[in-house]
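These are the residues of each chain, in order.
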Amino acid sequence: MRLISEKLYQLNSRKNKLKFSVTVTLKKDVLDPQGNVVQNTLTNLGMNNLKSIRQGKFFEIDIDEKDPKTAEKKINEMCEKLLVNLIIENYKIDKL
Amino acid sequence: MRLISEKLYQLNSRKNKLKFSVTVTLKKDVLDPQGNVVQNTLTNLGMNNLKSIRQGKFFEIDIDEKDPKTAEKKINEMCEKLLVNLIIENYKIDKL
Amino acid sequence: MKITNKIIERHGLKMSEYERIQKLLKRDPNLLELGIFSAMWNEHCSYKSSRLHLKKLPTKGKQVIQGPGENAGVIDIGEDDAIVFKIESHNHPSYIEPYQGAATGVGGILRDVFTMGARPIALLNSIHFGSPSHPKTKSLLNGVVSGIGGYGNCIGIPTVAGETKFNKTYNENILVNAMAVGHVKKDKIFYSKAKGINKSVVYVGSKTGRDGIHGASMASAEFNEDTEEKKPTVQVGDPFTEKLLMEACLELMRDDSIIAIQDMGAAGLTSSSVEMASKGSLGIELELERVPCREENMTPYEMMLSESQERMLIILEDGKENYARNIFKKWDLDFVIIGKTTESKNLTLKYEGKLVGEIPIDALSSNAPIYDRKWVKKKINNDKIDIKSLKKIKIEDALIKILSSPNNSSKRWVTEQYDQMVMCDTVQRSGSDAAVIRIHKKNKAIAVTVDSSANYCKSHPITGGKQIVCENWRNLISVGAKPLAITNCLNFGNPEKKEIMGEFTECLQGIKEACEFLDYPVVSGNVSFYNGTNQKNIFPTPVVGGVGLINKCNQTIGHHFKNENSFIILLGKTFGHIEQSCFLRENYYILEGNPPTVNLKNEKNNGEMVLTLINKNLVESAHDVSEGGLIVALSEMSIGSKYGLKIEKQKNLRNLTQYLFGEDQGRYLLEIKEENLNDTVKLLKNSNIYYENIGNTQKDYFEIEGEMKLSINDLFKINNQWYKSY
Amino acid sequence: MKSSVIVFPGSNCDRDIAVALNKMEFKNQMIWHKETTLPKSDLIVIPGGFSYGDYLRSGAIAGKSAIINEVIKSANAGCLVLGICNGFQILTETGLLKGTLLRNKNLKFINKDVNIKVINNKTKFSSNYKKNQVLKINIAHNEGNYFTNSDHLKDLKNNNLIAFQYCDESGNVNEQSNPNGALENIAGIYNSNKNILGMMPHPERMIDNYVSNTDGINLFSSLLN
Ligand SMILES: Nc1ncnc2c1ncn2[C@@H]1O[C@H](COP(=O)(O)OP(=O)(O)O)[C@@H](O)[C@H]1O
Ligand SMILES: [Mg+2]
């Protein structure tokens, strides 16, 4: 009994689940100390045609929501409320 | 004279420059403390249909290279040599 | 490009100031020159509203090696050792971006200290937030604390003391003040005064980006269609690069290659070059295309006004260029000769061979405007609060309310995010009256602390000014240190309002009187005006950072009870002054009334007596009585120790509540072992110091006879819960 | 006994460990990361701090430096290697120790004195401690949350390769005494030869009663045996 209902639940939830990614990058002209150090290190390791490297963040988000529009709106809210520092970062939401 | 040659140089460099992104994510069975805390915080902020959130890294890489194949091979080398900890992380390269 | 009224205004200059510029130049400035004037003449760099008043502060003493006027103050701590220290504000940037704002605040003040040749040995901070219930407070608190920690921890300098306060006056304008303390050999101090003609001017450190360019947003928008990309950007701190810069500078300072050195702080390349030239009565010529830039197509305007972090300007002795370059190469840092000193007494700017700006140094420094702004005395309200008319409240309940309040809770949540132990010389960490840092490889130590009392300063600025100096002095005395000198950060509202200028003038008057009386000179500091929004200014919040000397490491004491059955001596007289107390604020939300008066003579006598007793090894632990009064001070001695206490009911007491919660000044609590009691009492009596023997320490319980009894574990929990649940 | 302390840009406990080693009368040298040879040493120490700012991943970039190949060679030849805090992180990045150090569970830097328990006292690093002895020792890190796969964890347990575990004052290993979320409260581990020790707590901070206690001394004195 238990097993069956669990399966059912999983099926259901799979149906409702939507997957998004959020990519967060530093705005142009904002100093990226990490990127700089990584770039220097790669150059020292012999990667001499490397022009520039900037580091950002990446989130994979699963959300229980049927409607992609609503879901995206919610993801956007998460970005503005917590995930992104709008003063120095830009972001981009993609459906996976 | 000076200005013209600079412009030319810029044009040239633009032609050779290829842009890639690298997305680094934690492997499935690796604990993600950052993702966990972010998830709890978002839930506390009222995002209750959030199912799961995992955090990763993102790199934007400019490389001086004409041939996309060679470029991609180099980016792959960067990942394996430095950018990714293959024990706990997966990665994905995309051309931008 | 024509300089319009709008451009002048966007540069924060008044029309009268613009006319002054025209007169000094005998022509119109170009945009680059205007930008430079605006940076040098703004309040932050020119001290135009405060300078007349700052002059009144006592800055001399036989312990003072360098007073205000250099990157930081320097004091003598005996033998060949000197201490370099200063405090600085980073309020506005921290409100916009708390993590980076606080981090770069720490970075900036560290540069001021190692610029002078000192190795930084301690960091402190004073942070003020709005009401905990204000929607922004929590994330500001989180960001600021992790920013301060992020920078200090990474660079490897212990953050050992500070204060964290909440008050709704800071809802729209938090305060983030950072203080750095360094150690230097007396004969190895470096200054910013340029000397000699044709010497190389060297740029070292990070590259220049478009960080925090003042007034540039509009001006540069006119050069370029795409304005969005040209917005001035937030400064991002890079503690890793700062660590390299610090090590490289200290390495270069081992010999005598450097003539003068100056960090690029506010107004970056502009203020550093002008300051060095002005102190040396010389000119400086820069070839701006040599400036290492982070972004493409940067203009001279942007280079001169950028506030990118982790950069320094050095004037080198002839022939030392290669030697110096190799050191910076070793540390992977940029090193570029960007100009030279000249006879002209001008700041001469060239870009790709063309002259792009030329301004007499004097016009930027000594001829900058100075304002004697209008001010009015604070109207003092002398109404007394009749405590008997208030609803009765149990002593125990009132104490619990105070100890669990945001302002009086244990700050461990904050301090555990700071590395307090790195460098392995931290003898006393955060949590005590003052932190104690041993001088490396020696047996002596310094004590450091920062203090402020915005409520006292708001209600009675002169008394408030005196009080913070005295409280700071008491905190140093309590750990057994002889107070030597202070630095101060004056956080105020809009100085163009006469009430605010009045608060400033009177607070400063109080600071001056106390410093003079206690022989506790001011050796460095910083002024931050315009804290507030539109019509709402913050409470006047001067912050004092003090440094004291402990001759023998093993003579320092803490504030936690050490033994059972010790005697507890209250030194100094208790009158029960309850207005402006924590008791009324936390329990009745009463904010009116005057702070307790400060009697400088008592302060001095009592403090010196406590120091004598500690130096004679008669005292086990000591604590000054401040916010919250006697009972809160006693709880703090119990919390975190194994011992509580039993206080006997005082016979002829008029009002127990006032006795326990009153905030009368100049008082200390001392734990004295029975065998030392006689000697102690004899000394006190001989010197006519007022004291009371109020009770004894005991195991496990905090007890006031006939009133309350709580286990010290409960007290600990009460005091440690707020941050966890916030 | 000869020791070498490797100094990376951003190392900041290098002076502290040197003071400790000198106090214990090691013949110590500081080795700059750009060196390509290591002097003959009995002990190599990789100190705490923020090598390369902890950028990318803590320890990752130091793990690619010139000197690190020499460290790996010496370690494989049996030389004793001690990595403290950032040093531990670097050792896992080089593969000399397995597993990894993730962000602390609360995502905050933590500096405080904690208790740790000596699990294995039969190594060159720990012979002067008693088994199960509880030490009070300072931690200071952002990424001390030890994580490894289940096979390696089994290996650590079966072969007695756990050096220290976080515990309470009486030696109980439980969740409340785990400051950073580390798997099984692990505070330090050995490699299978037990010539490499990586640990998050700072023994060099515990050698002087003026600033703390002397619980760290026996680690250094064990090495001198
Ligand atoms: N409140 C103050 N009291 C004493 N000296 C001050 C005060 N404010 C500023 N000063 C001094 O004025 C000088 C200039 O200050 P500031 O511009 O903050 O220094 P910096 O250029 O190093 O940032 C410094 O020497 C500083 O010590
Ligand atoms: Mg300065």
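These figures come from a predicted structure and were not determined experimentally.

Engineer: Would you mind going over the overall build of chain C with me for this structure?
Structural biologist: Along its length, chain C carries 26 helices and 28 strands. At 26 Å, chain C has a C-alpha radius of gyration in line with the 27 Å of a compact globule built from 726 residues. If one aligns the C-alpha atoms of chain C with their principal axes, the spans along those axes are about 85 × 50 × 45 Å. Summed over its atoms, the accessible surface of chain C is roughly 26,700 Å², and 47% of this surface lies on carbon and sulfur atoms. Each charge sign in chain C was given a centre, from 91 positive and 89 negative side chains, and these centres are 3 Å apart.

Engineer: I keep staring at the coordination of the magnesium ion (ligand 2) and nothing clicks. Help me out?
Structural biologist: Residues and elements named next belong to chain C. Ligation of the magnesium ion (ligand 2) by protein atoms is provided by Asn71 (OD1) and Asp112 (OD), these donors lying 1.9 to 2.5 Å from the ion. Of this pair, Asn71 sits in the loop between strand S1 (64–66) and strand S2 (73–76) while Asp112 sits in helix H7 (residues 98–114); the two residues are 41 residues apart in sequence, bridging distant segments of the chain. According to the relative accessible area criterion, Asn71 is buried, its value standing at 6%. A relative accessible area of 4% means that Asp112 is categorised as buried.

Engineer: Where do I start with the relation of the copies chain A and chain B in this structure?
Structural biologist: Mapping one chain copy onto the other needs a rotation about an axis and a shift along that axis. You can overlay chain A on chain B at an RMSD of 0.2 Å; the transform is a turn of 180° with a shift of 0.0 Å along its axis. Taken together, the rotation and translation relating the two chain copies correspond to the operation of a two-fold axis. Minimal C-alpha distance to the rotation axis in chain A is attained by Lys57 of chain A, lying at 2.3 Å. Taken as a fraction of all interface residues of chain A, those also at the interface in chain B reach 100%, which identifies the copy contact as same-surface.

Engineer: What should I look at first to understand the environment of Leu591 of chain C in this one?
Structural biologist: Residues and elements named next belong to chain C. Of note, Leu591 is situated in the loop between helix H20 (582–588) and helix H21 (600–615). Taking C-alpha positions, Leu591 is 8.4 Å from Ser581, a pair spaced ten residues apart along the chain. If we ignore the near neighbours within four places in the chain, the residues touching Leu591 are Gln580 and Arg585.

Engineer: It is not clear to me how the sheet that holds S2 of chain C should be interpreted in this structure. Could you clarify?
Structural biologist: Residue and element names in this part refer to chain C. In spatial order, the strands read S1-S2-S3-S6-S4-S5; together these six strands make up an open sheet with mixed pairing. Single-partner strands in this sheet number two, and they are S1 and strand S5 (159–166). Going from strand to strand, the sheet's axes swing by 20° on average, the running direction of each strand aside. Here strand S4 (residues 119–129) runs beside S5; their pairing, made up of seven bridges, is parallel.

Engineer: When you look at the nonpolar core in this model, what are you seeing that I'm missing?
Structural biologist: Soluble globular proteins: nonpolar side chains tend toward being buried together. In terms of nonpolar packing, the biggest core is built from 176 residues, with Leu83 of chain B, Ile83, Val181, Phe328 and Ile446 of chain C together with Phe164 of chain D touching the most fellow members. Aside from chain neighbours lying at most four places away, what touches Ile446 of chain C is Ile77, Ile83, Ile121, Val181, Ala435, Val436, Ile437, Ile439, Val547 and Gly548 of chain C. Grouped together as the second largest cluster of nonpolar side chains are 56 residues, Val469, Phe504, Cys507 and Val598 of chain C included.

Engineer: How should the sheet that holds strand S3 (residues 43–46) of chain D be read in this particular structure?
Structural biologist: Pairing between the strands of a sheet is mediated by backbone hydrogen bonds and can be parallel or antiparallel. Residue and element names in this part refer to chain D. The strand order across the open sheet formed by nine strands is S2-S1-S3-S4-S11-S10-S9-S6-S7, and the pairing between neighbours is mixed. At either margin of the open sheet sits one strand with a lone partner, and together these are strand S2 (27–32) and strand S7 (134–141). Across the sheet, the mean angle from the axis of one strand to that of its neighbour is 25°, orientation sign disregarded. Strand direction decides the pairing type here: S3 and strand S4 (residues 80–84), joined by four bridges, are parallel. Among the inter-strand pairings, Ile44 is bridged to a residue of S4, identified as Val81.

Engineer: Any chance you could explain the site of ligand 1 here in plain terms?
Structural biologist: All names here are of chain C. Within the structure, ligand 1 sits among 18 residues, and Tyr47, Gly69, Glu70, Asn488 and Gly525 are positioned closest to it. Contacts to ligand 1 include Asn488, whose side-chain N or O atom sits 2.8 Å from a nitrogen atom. One of the backbone nitrogen or oxygen atoms of Gly525 is found 3.0 Å away from an oxygen atom of ligand 1. Contact with the protein chains covers 86% of the free accessible surface of ligand 1, which is 550 Å².

Engineer: What am I meant to see in the packing of H7 of chain C against helix H10 (residues 239–252) of chain C here?
Structural biologist: All names here are of chain C. The N-to-C vectors of H7 and H10 enclose an angle of 5°; their axes lie 11 Å apart at closest approach. As far as their axial angle goes, H10 and H7 are roughly parallel. Taking contact as the criterion, the partners of Gly107, Leu110, Arg111 and Phe114 in H7 are, on H10, Glu242, Leu245, Met246, Cys249 and Leu250. Of the residues contributing to the contact of H7 with H10, the split by class is six nonpolar, one polar and two charged.

Engineer: I tried to follow helix H22 (residues 629–638) of chain C on my own but got confused; where do I start?
Structural biologist: Because each turn of an α-helix spans 3.6 residues, side chains separated by three or four positions in sequence point in the same direction. Residue and element names in this part refer to chain C. Most of H22 is tucked away, with nine of its ten residues classed as buried. Those residues of H22 lying buried are Gly629, Leu630, Ile631, Val632, Ala633, Leu634, Ser635, Met637 and Ser638. Gly640 sits one or two residues past H22 and shows a positive phi near 90°.

Engineer: Looking at this structure, I do not really get the confidence of the model for chain A. What am I missing?
Structural biologist: Atom-level detail of predicted coordinates should not be read off regions where pLDDT is low. Residues and elements named next belong to chain A. In the predicted model, chain A carries a mean pLDDT of 86, and the fraction of residues at 70 or more is 84%. Averaged over each element, pLDDT in chain A is lowest for helix H1 (residues 2–16) (52) and highest for strand S2 (residues 50–64) (95). Counting contacts from residues 1–5, a segment whose pLDDT is below 50, to residues more than four positions away or on other chains yields zero contacts.

Engineer: What's the story with the interface of chain A and chain B in this structure? I'm lost.
Structural biologist: Think of interface size as the accessible area that goes away when the parts come together; that is how it is often given. Residue-level contacts link 31 residues of chain A with 31 residues of chain B. When residues of chain A are sorted by the area they lose upon contact with chain B, Asn49, Lys51 and Phe58 of chain A head the list and together hold 20% of the total. Our count for the chain A to chain B interface comes out at zero salt bridges. Summed over the shared surface of chain A and chain B, the result is 13 residue pairs in polar contact (both at pLDDT 80 or more). For the side of chain A that touches chain B, the element with the highest residue contribution is S2 of chain A, accounting for 15 residues. By residue class, the composition of the side of chain A that touches chain B is 13 nonpolar, seven polar and eleven charged. The pairing of S2 of chain A with strand S2 (residues 50–64) of chain B spans 13 bridges and is antiparallel. Along S2 of chain B, the bridge assignment pairs Leu50 of chain A with Ile63 of chain B.

Engineer: Honestly, the packing of aromatic side chains in this entry has me stumped. Any pointers?
Structural biologist: How two aromatic rings sit relative to each other is given by the distance of their centres and the angle of their planes. Evaluated as defined, the whole model comprises 19 aromatic pairs over all chains. Here the aromatic rings of Trp331 of chain C and Trp32 of chain D are separated by 4.8 Å at their centres, their planes lie at 65°, and the arrangement is edge-to-face. With one member in each of two chains, Trp331 of chain C in the loop between helix H13 (321–330) and strand S11 (334–342) and Trp32 of chain D in strand S2 form a pair that bridges those chains. Using a relative accessible area of 10% as the deciding quantity, one classes Trp331 of chain C as buried. In this structure an aromatic cluster arises from ring pairing among Phe129, Phe166, Trp413, Trp722, Tyr723 and Tyr726 of chain C. Positioned over the ring face of Tyr690 of chain C is Lys573 of chain C, at 4.8 Å from the centre of the ring. Its guanidinium or amino end placed over the ring of Tyr701 of chain C, Lys709 of chain C lies 4.8 Å from that ring's centre, counting from NZ or CZ.

Engineer: Is there a simple way to think about the confidence of the model for chain C in this case?
Structural biologist: Residues and elements named next belong to chain C. Per-residue confidence for chain C gives a mean pLDDT of 94, with 97% of residues at or over 70. Predicted confidence is poor over residues 215–230, with pLDDT under 50, and the contacts of this stretch with residues over four places away or in other chains come to 24 contacts. What the predictor reports for the complex is a pTM of 0.93 with an ipTM of 0.91.

Definitions and limits used
Residues numbered from 1 in each chain as written. Chains lettered and ligands numbered in written order. Predicted model: local features only at pLDDT ≥ 70, side-chain atom pairs only at ≥ 80, totals over all residues. Heavy atoms only, no water. Helix = DSSP H or I, 4+ residues; strand = E, 2+ residues; numbered from the N terminus. Rg over C-alpha atoms; globule rule 2.2 N^0.38 Å. Areas by Shrake-Rupley, 256 points an atom, 1.4 Å probe, with all protein chains shown as cover. Lys, Arg positive; Asp, Glu negative; His and termini not counted. Charge placed at Lys NZ, Arg CZ, Asp CG, Glu CD. Donors = N, O, S within 2.8 Å, 3.2 Å for Na, K, Ca; no water. Buried < 20%, exposed > 50% of the residue type's maximum accessible area, 1.4 Å probe, protein only. Least-squares fit on C-alpha atoms with pLDDT ≥ 70 in both. Contact = heavy atoms within 4.5 Å. Pairing = 2+ DSSP bridges. Axes fitted to C-alpha atoms, helices over the stretch in contact; angles between N-to-C directions. Core = buried A, V, L, I, M, F, W, Y, C linked by side-chain atoms within 4.5 Å. Near = heavy atom within 4 Å. Polar contact = N/O pair within 3.5 Å; in protein donor to acceptor, adjacent residues only side chain to side chain. Parallel < 35°, antiparallel > 145°, perpendicular 65-115°, else oblique. Nonpolar A, V, L, I, M, F, W, Y, C, P; charged D, E, K, R; others polar. pLDDT = per-residue confidence, 0-100. Buried area = accessible area lost by both parts, 1.4 Å probe. Salt bridge = Lys/Arg side-chain N within 4 Å of Asp/Glu carboxyl O. Phe/Tyr/Trp six-rings, centres within 6.5 Å; stacked < 30°, edge-to-face > 60°. Lys NZ or Arg CZ within 6 Å of the ring centre and 35° of its normal.

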